[in-house]
Amino acid sequence: MSKLPAFMTSLTLLTALATNAIPAAGESSITVKTWGKLPSGEEVKLYTLTNNLGMQVTISNYGGLITSLCVPDKEGKMEDVILGFDTLEEYMEKSPYFGAVVGRYGNRIGGGTFTIDGTAYQVTKNEKGIQCLHGGNVGFDKKIWDVEEITSENLQHDRIDTDKIIGLKLTLISPDGEEGFPGTINTVLHYMVPKDTNLLVVLYGATTDKPTHLNLTQHAYFNMKGAGNGDILDHEVTIWADRFTPVDENLIPTGELRDVTGTAMDFRQPNLVGARIDADEEQIKIGGGYDHNWVLNVKEGENFRKAAKVRDPASGRTMEVFTTEPGVQFYAGNFMSTMPGKGGKTYVKRGGLCFETQHFPDSPNKPQFPSTLVKPGEEYKSATIFKFSAE
Ligand code: BGC
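Our subject in this report is the structure included herewith. These numbers were taken from a predicted model, which means no experiment stands behind them.

## Re unusual backbone geometry
Leave glycine aside and you will find that most residues have negative phi; peptide bonds, for their part, are mostly trans.
And then number 1: Following G103, the chain continues into R104 via a peptide bond in cis, with omega recorded as 0°.
And then number 2: With respect to the element layout, R104 can be found in the loop between β6 (101-102) and β7 (108-109).
And then number 3: Unusually for a residue other than glycine, D117 sits at a positive phi of about 50°.
And then number 4: On the secondary structure map, D117 appears in the loop between β8 (113-116) and β9 (119-122).
And then number 5: A relative accessible area of 68% means that D117 is categorised as exposed.
And then number 6: A positive phi is found at E179, a non-glycine position, where the angle reads about 55°.

## Thoughts on the sheet that holds strand β14 (residues 199-208)
And then number 1: Taken together, the nine strands give an open sheet; going across it, the order is β11-β12-β13-β14-β29-β23-β22-β17-β20, and neighbouring strands pair in antiparallel fashion. Bordering the open sheet on either side are β11 (146-149) and β20 (271-272), each of which pairs with just one other strand.
And then number 2: Note that strand β17 (residues 236-239) and strand β22 (residues 305-311) share four bridges and pair antiparallel. Across the sheet, residue T238 finds its bridge partner in β22, namely K309.

## Description of the nonpolar core
The tendency in soluble globular proteins is for nonpolar side chains to be buried side by side.
And then number 1: With 61 residues, the main nonpolar core has L200, I239, Y290, W294, F330, F355 and F388 as its most contacted residues.
And then number 2: Sequence-distant contacts of Y290, that is, excluding residues within four places in its chain, are made with A264, M265, F267, V273, R276, I277, I284, F330, Y331, A332 and N334.

## Overview of the pattern of salt bridges
And then number 1: The final tally for this structure, using the stated rule, is 20 salt bridges.
And then number 2: Ionic pairing is found between K225 and D234, a salt bridge with its closest N-O pair at 2.9 Å.
And then number 3: R268 serves as the salt-bridge partner of D242, at 3.3 Å between the closest nitrogen and oxygen. Of this pair, D242 sits in strand β18 (residues 241-245) while R268 sits in the loop between β19 (258-259) and β20, and the two are 26 residues apart along the sequence.
And then number 4: On the basis of relative accessible area, R268 is assigned to the partly exposed category, the value being 28%.
And then number 5: Ionic contacts of the salt-bridge type, sharing partners, join the residues D242, D266 and R268 into one network.

## Regarding the site of the ligand
And then number 1: Close to the ligand lie Y97, R108, L133, H134, H219, Y221, L251, D291, Q329, Y331, F335 and E356, which account for all nearby residues.
And then number 2: At a separation of 2.5 Å, an oxygen atom of the ligand approaches a polar side-chain atom of E356.
And then number 3: Protein coverage of the free-state accessible area of the ligand, which is 310 Å², stands at 93%.
And then number 4: Of the residues belonging to the shell around the ligand, the class tally is six nonpolar, three polar and three charged.

Each value, and the rule that gives it
Residues numbered from 1 in each chain as written. Predicted model: local features only at pLDDT ≥ 70, side-chain atom pairs only at ≥ 80, totals over all residues. Heavy atoms only, no water. Helix = DSSP H or I, 4+ residues; strand = E, 2+ residues; numbered from the N terminus. Buried < 20%, exposed > 50% of the residue type's maximum accessible area, 1.4 Å probe, protein only. Pairing = 2+ DSSP bridges. Core = buried A, V, L, I, M, F, W, Y, C linked by side-chain atoms within 4.5 Å. Contact = heavy atoms within 4.5 Å. Salt bridge = Lys/Arg side-chain N within 4 Å of Asp/Glu carboxyl O. Near = heavy atom within 4 Å. Polar contact = N/O pair within 3.5 Å; in protein donor to acceptor, adjacent residues only side chain to side chain. Areas by Shrake-Rupley, 256 points an atom, 1.4 Å probe, with all protein chains shown as cover. Nonpolar A, V, L, I, M, F, W, Y, C, P; charged D, E, K, R; others polar.

Structure, rendered in structure tokens:
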């Protein structure tokens, strides 16, 4: 479990992505503080990672949450681009997966059922009482993870130079049968920030003792103007996908991979989110806007694919997403309603957008989709990179 995916080739990759690397301005650091306690008495902490350029990411051992992420615009003005709450209690009571790690199965499983080797499993139907969403009632987003700082000893990856990054290693054991899913899952999650580049690298690894389905993702809501500074309809989005997976009225994929050409789902050229989000199209109506899985284009021999890009034209603040996953859920915050957020700010409908890198929804019931089945002796591996710049 300590080994990192072989495809996570090296810091060369990170450096190659980092066209905006500039010389160090400060000292990178990791600071820790207590945030609160769960009713069980377990202590909840916040770890703040600051790199040499001043990019700052705060992560919690509760849900593996990213509670804030501060990056500069073209003038160097920092903003926290992640939606969230000030208090742990708000995350426990009413969070729509703000900043959370989602597991065991990110997105939906139709009927909350699937069959493995002839055995039928019923997992928690926590959405509308008919299907499973984001792993059930108590998913990985509501668990206390063990956290340690990444060191050369515990990273054990000969091609990542731990002198060049700061990061956290989070581990979680999910018992056999949890939320109805088979298999004891050992999960290891690495959050890494290069000291001299504004990137957030998220690596997922897991093993199981029984065949099971896994689909881990990060559910952060981004607003490149800064969380609480209005909606994301004026953001410009690009998605490197020729196809998407259309859904039925319960947002379960029909199984088709549909061409985006001529539809509001075509983001192969940069488009404002708001330009077509209320288009008179069946799929848009079902999702209440964008809430779909895009089938990422694959280039031969490429492990990491460019998934999506979002840019706030006014500030220039930009994020690009690269992943080893075959799909990305672009969720435009359609189900959000006006609510208080961090720092006295108010979040509005579509106040943030998510790029959840993933295997396709309902894959356990769709043999034609890339498989999410993981067997004993195999290692589940997934990686996503969020790159920040100002354009
Ligand atoms: C889903 C949305 C859902 C949101 C919060 C997204 O991944 O696709 O439908 O509302 O998560 O649960």
